[in-house]
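# Understanding the architecture of this molecule
Okay, here's what each chain looks like letter by letter:
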Amino acid sequence: MLVGKPGAMNRLNKSDHAMQNLILIGPMGSGKSTIGKRLAARMGKRFFDCDRQLEQHLNVDVSTIFDIEGEQGFRQREHEMLKSLCALSNVVIATGGGCVLRDDNRSMLQEAGVVIYLRISLDRQLSRLSRDKTRPLLQAANRRARLQQLATEREPLYAGIADLVVESGAHSVAKMAATVHTLLQQMLTPAPTTHVQGPHD
Ligand code: S3P
């Protein structure tokens, strides 16, 4: 399940503020919200989902924001919401899959928390999103091709800012949250004997 990241087991070079926060990134359907909620409960942190916060704040859903303001308008609102969430302490934040497209978001997220990338295979992603009608960028005739295209563009952006990479979709939410929690505890108090398999092992 855990992929780890080279060097991730060393104490992270993060501010005290950032060490209190967890930020989940990854594509649509990777489980950012469900795992984030569970992690927050386990770790005694407050949970925020950026899209849900935007919807509550504007009193419309994400599709309506896309319809009225286009993707560009949505991205600006997403940026502003992320900025407010990143100012909070002791929180878990589930981000939207496309927030990494902006350079300023990527640096903001890295500075605001420990960034966990939930990676998922295309097949699992497709099956988890098979009944979804709420995500505007999924409204394509060929969903597989759309998701593949988004993954090709975004995978390097996720990987580039991740402090930890976790393979999602194969295990229960409870198991994922427990394992990520344990790994985070290890990251904060590194023991010389601890080893997490890296992608090149
Ligand atoms: C998007 C992902 C969605 C939401 C919006 C755009 C994207 O969030 O922000 O539909 O660009 O991948 P989830 O990743 O939570 O589905």
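Criteria and cut-off values
- Residues numbered from 1 in each chain as written.
- Predicted model: local features only at pLDDT ≥ 70, side-chain atom pairs only at ≥ 80, totals over all residues.
- Heavy atoms only, no water.
- Helix = DSSP H or I, 4+ residues; strand = E, 2+ residues; numbered from the N terminus.
- Buried < 20%, exposed > 50% of the residue type's maximum accessible area, 1.4 Å probe, protein only.
- Contact = heavy atoms within 4.5 Å.
- Areas by Shrake-Rupley, 256 points an atom, 1.4 Å probe, with all protein chains shown as cover.
- Polar contact = N/O pair within 3.5 Å; in protein donor to acceptor, adjacent residues only side chain to side chain.
- Near = heavy atom within 4 Å.
- 1 Å grid on protein atoms, 1.4 Å probe; cavity = no way out; pocket = protein on both sides within 12 Å on 5 of 7 lines; lining within 4 Å.
- Sits in = over half its atoms within 2 Å of the grid points.
- Phe/Tyr/Trp six-rings, centres within 6.5 Å; stacked < 30°, edge-to-face > 60°.
- Core = buried A, V, L, I, M, F, W, Y, C linked by side-chain atoms within 4.5 Å.

In this section: the overall build of the chain. The helix and strand inventory of the chain stands at eight helices and five strands. Along the chain, from the amino end to the carboxyl end, the secondary structure elements read α-β-α-β-α-α-β-α-β-α-α-β-α. Evaluated residue by residue, the chain yields a buried proportion of 47% over its 201 residues. Taking the intrachain contacts of the chain between residues at least 6 apart in sequence as the baseline, contacts between residues at least 24 apart amount to 76%. Here the chain displays about 10,000 Å² of accessible surface, and carbon together with sulfur accounts for 49% of that area.

This part takes up the environment of Arg 106. Mapped onto the elements, Arg 106 comes out in helix H5 (residues 103-112). For the pair Arg 106 and Tyr 158, spaced 52 residues apart in sequence, the C-alpha separation works out to 8.7 Å. Once residues lying within four places of it in the same chain are set aside, the contact partners of Arg 106 are Val 100, Leu 101, Leu 157 and Ile 161. A distance of 3.0 Å separates a polar atom in the side chain of Arg 106 from a polar atom in the side chain of Asp 103.

The environment of the ligand is formed by 13 residues, the closest being Lys 32, Arg 75, Gly 97, Arg 135 and Arg 154. Lys 32 has a polar side-chain atom sitting 2.6 Å from an oxygen atom of the ligand. One of the side-chain nitrogen or oxygen atoms of Arg 135 is found 2.6 Å away from an oxygen atom of the ligand. Among the cavities detected, the one that contains the ligand is the largest pocket.

Going through the model one piece at a time under the given rule, you end up with two aromatic pairs. A ring pair is formed by Phe 66 and Phe 74, whose centres lie 4.8 Å apart and whose planes are at 35°; its orientation type is tilted. Its relative accessible area of 13% is what places Phe 66 among the buried residues.

Moving on, we get to the nonpolar core. Ile 25, Met 28, Leu 82, Leu 109 and Leu 147 are the most contacted members of the largest nonpolar core, which totals 35 residues. Broken down by secondary-structure element, the contributors of at least two residues to this core are strand S1 (22-25), helix H3 (50-58), helix H4 (62-86), strand S3 (91-94), H5, strand S4 (114-119), helix H6 (122-128) and helix H7 (143-161). A total of eight residues in this core trace back to one element, the largest contributor, which is H4. Residue contacts for Leu 109: discarding those within four places in its chain leaves Ile 23, Ile 25, Leu 82, Cys 86, Thr 95, Cys 99, Val 115 and Ile 161. Residues Leu 22, Val 92, Val 114 and Leu 164 belong to the second largest nonpolar core, which totals 19 residues.

Geometric values such as these leave the question of function open.
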